[in-house]
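A structural walkthrough
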Amino acid sequence: MPATRYHHASDLPETIAVFPLGGALLLPRWQLPLNIFEPRYLNMVDDAMAGSRLIGMIQPVGGPKDKPVLAGVGCAGRITTYSETDDGRYLLTLTGICRFRLMDELEVKTPYRQVEGDFSRFEADLGSAKTTGLPSRETLERALRAYAKSNQIDADWDAVSNAPMETLINALSAGCPFDIMEKQALIEAADLPTRCDTLIKLLTLNCENDDGPLQ
């Protein structure tokens, strides 16, 4: 895994290019496929490939569409697959390395935005996921079944039953159509057990019955 290149927060750059993309959730040890076609982000990928190969994914949380307000926490990913299409798009995969707290946005001449990021709070992302204290798979599956039934979503229940818990939690966190602030709550969760607790609460909250959302 690419994370083995990074053992401490100090191994990561202080400045990182960011890609604000609502609803696209990158988490440590999780992979995010991207289809890049906008010129400023093609430029960003070119520069990343020539340098650290790191890009910060971050949620836009308001403001103008061309320069939205950025969330306080994002996740840096390393470009681990890359190809170029005949029409000039880049198809790539980011593998999540470590989350960062946005400290300051930099004044830059590049067409894409760059920030000063503090990785130190999330240094544990560089190791293995904490699995002690995880809610049971049964609790998560029960919440997911209620959510899927309420929202008329099909699920591969064999995969749900057999996937490693970290894979399942990250897949649901990234794949469920939660709103931006709900996605942000998932990325800011302190560790995997906390993310799972948050996920269960969001699945439950987004179940609807005749009386409105379940609490």
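Described in the following lines is the structure provided in the data block. (Residues numbered from 1 in each chain as written. Predicted model: local features only at pLDDT ≥ 70, side-chain atom pairs only at ≥ 80, totals over all residues. Heavy atoms only, no water.)

Things to note about empty space enclosed by the protein
On inspection of all chains with the given rule, the structure shows 1 cavity of 30 Å³ or more. For the largest cavity, the calculated volume is near 30 Å³. Ala24, Leu25, Leu26, Met57, Ile58, Gln59, Val73, Gln184 and Ile187 together form the lining of the largest cavity. (1 Å grid on protein atoms, 1.4 Å probe; cavity = no way out; pocket = protein on both sides within 12 Å on 5 of 7 lines; lining within 4 Å. Points joined across faces, edges and corners; volume = space filled by probe spheres on them.)

A look at a negative patch on the surface
Residues Glu14, Asp104, Glu107 and Glu116 make up a contiguous surface patch of negative charge. Examined against the element boundaries, glutamate 107 turns out to sit in the loop between β5 (90-105) and β6 (113-118). (Patch = residues over 30% accessible without salt bridge, like charges linked within 9 Å, V, L, I, M, F, W, Y side chains within 5 Å. Areas by Shrake-Rupley, 256 points an atom, 1.4 Å probe, with all protein chains shown as cover. Salt bridge = Lys/Arg side-chain N within 4 Å of Asp/Glu carboxyl O. Lys, Arg positive; Asp, Glu negative; His and termini not counted. Charge placed at Lys NZ, Arg CZ, Asp CG, Glu CD. Helix = DSSP H or I, 4+ residues; strand = E, 2+ residues; numbered from the N terminus.)

Here's the deal with unusual backbone geometry
At arginine 29, a position not held by glycine, the phi torsion is positive, near 65°. Positionally, arginine 29 belongs in the loop between β1 (15-20) and β2 (31-36). Of the residues examined, arginine 29 reaches a relative accessible area of 26% and is grouped as partly exposed. Backbone geometry places glutamine 152, a non-glycine residue, at a positive phi of 55°. (Buried < 20%, exposed > 50% of the residue type's maximum accessible area, 1.4 Å probe, protein only.)

Digging into the state of the cysteines
Across all of its chains, the model carries 0 disulfides by this definition. Unpaired in terms of disulfides, cysteine 207 finds its nearest cysteine sulfur in cysteine 176, a separation of 10 Å. Look at cysteine 207 and you get buried, because its relative accessible area is 3%. (Disulfide = S-S within 2.5 Å.)

Section: the packing of helix α4 (residues 165-175) against helix α6 (residues 192-205)
Contact pair α4 / α6: the axes reach a minimum separation of 10 Å and the direction vectors enclose 45°. Of the possible angle classes, the one that applies to α4 and α6 is oblique. As α4 packs across α6, the resulting crossing turns out to be left-handed. Across from Met165, Glu166, Ile169, Asn170, Leu172 and Ser173 in α4, the residues of α6 making contact are Leu192, Arg195, Cys196 and Leu199. (Axes fitted to C-alpha atoms, helices over the stretch in contact; angles between N-to-C directions. Parallel < 35°, antiparallel > 145°, perpendicular 65-115°, else oblique. Left-handed = near helix turned anticlockwise from the far one by under 90°. Contact = heavy atoms within 4.5 Å.)

A look at helix α1 (residues 39-50)
For α1, which comprises 12 residues, the first-to-last C-alpha distance of 17 Å matches the rise-based estimate of 16 Å (1.5 Å per residue) to within 8%. Listed as buried for α1 are Tyr41, Leu42, Met44, Val45 and Ala48. Across the axial projection of α1, the buried residues extend over an arc of 155°, all falling on one side. Projecting away from the buried face of α1 at angles above 90 degrees are the exposed residues Pro39 and Ala50. Of the surrounding secondary structure, the elements contacted by the buried residues of α1 are β1, β2, β3 (54-58), β4 (73-84) and β5. (Expected span 1.5 Å × (residues − 1). Arc of directions from axis to C-beta.)

Observations regarding the environment of asparagine 151
By secondary structure assignment, the location of asparagine 151 is in the loop between α2 (137-150) and α3 (157-162). For asparagine 151, a relative accessible area of 34% puts it in the partly exposed group. With 56 residues separating them in the primary sequence, asparagine 151 and cysteine 207 have C-alpha atoms 7.1 Å apart.

Points about a nonpolar patch on the surface
Residues Val61, Val69 and Met181 make up a contiguous nonpolar surface patch of about 250 Å² in total accessible area. Following the sequence through the fold, methionine 181 ends up in helix α5 (residues 180-188).

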